[in-house]
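Listed here are the chains, written in short residue letters.
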Amino acid sequence: MRTISVVPGDGIGPEVIEPALEMLAFLGLDVKLDVLDHVNAETWLRTGRALAAADLDRIRGSAATLLGAVGDPRLSDTPYVREVLTTLRVELDLYANYRPVRLWHDKLSPLRDKAKRGIDCVIVRENTEGLYSGVGGNLSAGSLQEIAFDLDVSSYRGVSRILDFAFSVARTSVCIVDKANAVRHGGTLWQRCWREAVERHPDIDTTHLYVDTAAMKLVTDPTAFDVIVTNNSNGDILSDLTAGLAGGLGVAASANLNAATGQGLFEPVHGSAPDIAGTGVANPLAAILSVALLVEHLGHTREADAVRAAVAAAVEHDRVTPDLGGSLSTRQAAAAVLAELR
Ligand code: ATP
Ligand code: MG
């Protein structure tokens, strides 16, 4: 029996993980849960740490991890979120951030009719380097000469493996997105790795767009894309853009993966949403769709497709939370999906 480790986290994290786990239980798979409900802001406030070495071992030893969200306004000036999320990503070497975008119903899209038919693509975001690698510094802090800098780090190995990952999940095409015309050194490396990856995967169509053009094209013709692969910061921004095209953060699911080790951490794209935490209206669909990604990762494709079909049906019937124009609570919206699944 395989173990799934669960980190509910903070804010709406536990609120959406609970119904997501009910969904998982309903599927009746041969898995057991290892819930780490102490990995949260309260523990950090009490002890100054949130993720101990023993926690990391439990997570590493599990077949997959489900994460709610970590974040707390009281800790915004501390390295809390970075400690938890970055430690998990770096220690498990989860280099591929996989963010599928599917428009579950036309009515969820802010786009005009012509543009919104059938959005169904994936953003593959490099998850371990780039502008967010933490390499940088500050000269003459506090003086008029102060200069702050953050290095945009790309390694040959890092770029090659994220490109290979993108090809491995593509159905029809891969679009590489960079800013090679302005970011000279990293851009040159991405372009070279790109040409090499194309040679390794001759069966998949490929295109290239600069990130500014990609942002515009995603809004004018999002149906043109299958897989988009890009670096950490571009992927961060483009995946929020695509989430917005498909109904917002309430329906955006994601996976953090290492294709070589099989490690996977699954989480809704949204954070702890302190503004709505405790009000009972957080949309559970992003967490439920993250469970679908998780069970698919464990080989249960049929169950994953059934969950997605149930989500589409619940949306079709307007059985949704306020962020999607409905009036249901978190629990009611999750119950609606379960009812569709039955
Ligand atoms: P964090 O620092 O943990 O990321 P945040 O303040 O950035 O928290 P997010 O969770 O990223 O908050 O959410 C951004 C906005 O989207 C908030 O206004 C939030 O209420 C809304 N939102 C996020 N997730 C959901 C959800 N599941 N259902 C409804 N609204 C959501
Ligand atoms: Mg946020």
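About the criteria used
Residues numbered from 1 in each chain as written. Chains lettered and ligands numbered in written order. Predicted model: local features only at pLDDT ≥ 70, side-chain atom pairs only at ≥ 80, totals over all residues. Domains from an automatic or database assignment. Contact = placed C-beta atoms within 7 Å. Nonpolar A, V, L, I, M, F, W, Y, C, P; charged D, E, K, R; others polar. Axes fitted to C-alpha atoms, helices over the stretch in contact; angles between N-to-C directions. Helix = DSSP H or I, 4+ residues; strand = E, 2+ residues; numbered from the N terminus. Parallel < 35°, antiparallel > 145°, perpendicular 65-115°, else oblique. Left-handed = near helix turned anticlockwise from the far one by under 90°. Pairing = 2+ DSSP bridges.

Some thoughts on the domain arrangement of the protein chain
Now for step 1: Taken domain by domain, the protein chain comprises domain 1 (1-94 + 251-342) and domain 2 (110-245).
Now for step 2: Taking only C-alpha atoms into account, the centre of domain 1 sits 25 Å from that of domain 2.
Now for step 3: Taken together, the contact pairs eight residues of domain 1 with six residues of domain 2.
Now for step 4: Class assignment for the residues of the side of domain 1 that touches domain 2 results in five nonpolar, one polar and two charged.

A word on the packing of helix H11 (residues 301-316) against helix H12 (residues 330-341)
Now for step 1: Where H11 contacts H12, the axes come no closer than 8 Å and their chain directions differ by 120°. By the angle class used here, H11 and H12 are oblique. The crossing of H11 and H12 is right-handed. Counting all contacts with H11, which are made through Ala306, Val307, Ala310, Val311, Ala313 and Ala314, the residues of H12 involved are Ala336, Val337, Glu340 and Leu341.
Now for step 2: Tallied by class, residues from the contact of H11 with H12 come to nine nonpolar, no polar and one charged.

Some remarks on the sheet that holds strand S1 (residues 2-9)
Consider a sheet: its strands pair through backbone hydrogen bonds, and that pairing is either parallel or antiparallel.
Now for step 1: Spatially, the 10 strands line up as an open sheet ordered S2-S1-S3-S12-S11-S4-S5-S10-S8-S9, and their pairing is mixed. The sheet is open, and its two edges are formed by strand S2 (31-35) and strand S9 (205-210), each paired on a single side. Along the sheet, successive strands turn relative to each other by an average axial angle of 20°, direction set aside.
Now for step 2: In this structure, strand S4 (residues 96-102) lies alongside strand S11 (residues 253-257), joined through three bridges in antiparallel fashion.

A closer look at the environment of Gly68
Now for step 1: Its place among the elements puts Gly68 in strand S3 (residues 64-69).
Now for step 2: The spatial distance from the C-alpha of Gly68 to the C-alpha of Ala20 is 9.7 Å, given a sequence separation of 48 residues.
Now for step 3: The residues contacting Gly68, other than those within four sequence positions of it, are Val7, Pro8, Gly9, Gly13, Pro14, Val16, Ile17 and Ala287.

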